[in-house]
Amino acid sequence: MYHPAHLRTFLSVAQTLSFTQAARRLGLRQSTVSQHVRRLEDATGRTLFTRDTHSVELTEDGEAMLGFARRILEVHEQATAFFTGNRLRGRLRFGASEDFVLTRLPEILEGFRHDHPEVDLELTVELSGTLHEQLAAGKLDLVLAKRRPEDPRGELVRRDRLVWIGAERLRLDPGRPVPLIVYPPPGITRALALEALERQGREWRVVCTSGSLNGLVAAARAGLGVMAHSRGLIPPGLVRVPDRAGLPELGRVDFVVVHGRRSPAAQGVADALAGAILAGGDRLNRSDEIRLRGADRRGGRAPRTRSLGP
């Protein structure tokens with residue numbers, strides 16, 4: 001009833017919220033992407049996306065289809081591997097950004113390990129900038145990390161906006177430098193935050209530096225300052241800084257999977273894990289973000305994020 005190719009296309013559109021980006025990711029024409037989505041909607045008898053010339057959004061039925069599509073494709077791939085006898089083997093050095101520590105990435109990795117038990121998966125959790133450096137040096141085979149907006153490398157997993165976050169009780173004094181909680185260099189979020197403040201001409205001072213997301217979150221919860229962070233990955237206990245604080249816009253950030261120099265031994269394994277991450281990209285939110293997003297679209301009261309202060 002549901003063709004695997006149509007489901008893969010649906011997931012790509014759902015993750016990028018763009019028919020154009022999905023076409024690039026899948027190597028298809030945009031008209032083919034539209035056709036796949038239309039055929040899936042015909043098969044379900046439901047509208048899965050609302051779209052106009054400016055935006056694409058999942059409907060409530062589209063949200064429901066996300067889970068079904070992932071499970072159908074997972075079973076399809078397991079059956080294919082079983083009956084063809086193609087079992088992946090080898091070592092894969094995988095790097096993941098600190099940003100995904102609090103998301104459901106472990107579920108994706110657990111599923112990959114279950115499907116490919118003979119793969120030796122080595123995980124490195126680091127800053128995005130450091131992961132890109134290690135990938136270029138041949139120390140990693142595949143990374144899931146942020147990239148700067150102008151960087152063309154990698155396959156897009158999800159796109160988000162950067163926002164300023166801090167403790168709810170924190171109040172910023174407009175006459176004093178902005179207290180910053182940041183990753184050390186070469187952190188991409190750090191660089192984007194400093195560039196935005198310098199463009200605005202706003203003075204700043206670093207009050208906490210940590211290479212660990214947990215360290216940054218602890219400092220922010222203690223009310224030491226503000227930090228730049230992906231809007232869809234705001235940690236529990238922290239909220240968005242309100243616009244009245246006058247902090248500059250930070251722009252968007254892309255999360256991508258990037259392959260290293262492909263050795264024959266690692267290529268097939270890296271492709272398989274990259275495929276699993278791309279298929280499960282909608283799960284790379286904070287664990288409760290999808291639930292809150294669904295409540296927003298159904299007209300529920302649960303807010304997606306809160307702002308500092310009343």
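What this report covers is the structure whose coordinates are included nearby. (Residues numbered from 1 in each chain as written. Predicted model: local features only at pLDDT ≥ 70, side-chain atom pairs only at ≥ 80, totals over all residues. Heavy atoms only, no water.)

## Re the overall build of the protein chain
Argument step 1. Each helix and strand in the protein chain was counted, giving ten helices and eleven strands.
Argument step 2. In the protein chain, buried positions account for 48% of the 310 residues.
Argument step 3. Within the protein chain, contacts between residues at least 6 apart in sequence are counted, and of these 77% link residues at least 24 apart.
Argument step 4. Carbon and sulfur atoms make up 50% of the accessible area of the protein chain, which amounts to about 15100 Å² in all. (Helix = DSSP H or I, 4+ residues; strand = E, 2+ residues; numbered from the N terminus. Buried < 20%, exposed > 50% of the residue type's maximum accessible area, 1.4 Å probe, protein only. Contact = heavy atoms within 4.5 Å. Areas by Shrake-Rupley, 256 points an atom, 1.4 Å probe, with all protein chains shown as cover.)

## Quick notes on the packing of aromatic side chains
Argument step 1. Scanning the entire structure with this criterion turns up three aromatic pairs.
Argument step 2. For the pair Phe 100 and Phe 255, a centre-to-centre distance of 5.1 Å together with 70° between the ring planes defines the contact as edge-to-face. Here Phe 100, found in the loop between strand 3 (90-97) and helix 5 (105-115), pairs with Phe 255, found in strand 11 (residues 252-259); they are 155 residues apart in sequence, far enough to count as distant. For the pair Phe 100 and Phe 255, one class covers both residues: buried. (Phe/Tyr/Trp six-rings, centres within 6.5 Å; stacked < 30°, edge-to-face > 60°.)

## What about the side chain of Asp 99?
Argument step 1. With respect to the secondary-structure elements, Asp 99 resides in the loop between strand 3 and helix 5.
Argument step 2. Among the polar contacts made by the side chain of Asp 99, one reaches the side chain of Ser 97 at a distance of 2.4 Å.
Argument step 3. Here Asp 99 is in contact with Ser 128, Lys 146, His 229, Leu 233 and Phe 255, once residues within four sequence places are set aside. (Polar contact = N/O pair within 3.5 Å; in protein donor to acceptor, adjacent residues only side chain to side chain.)

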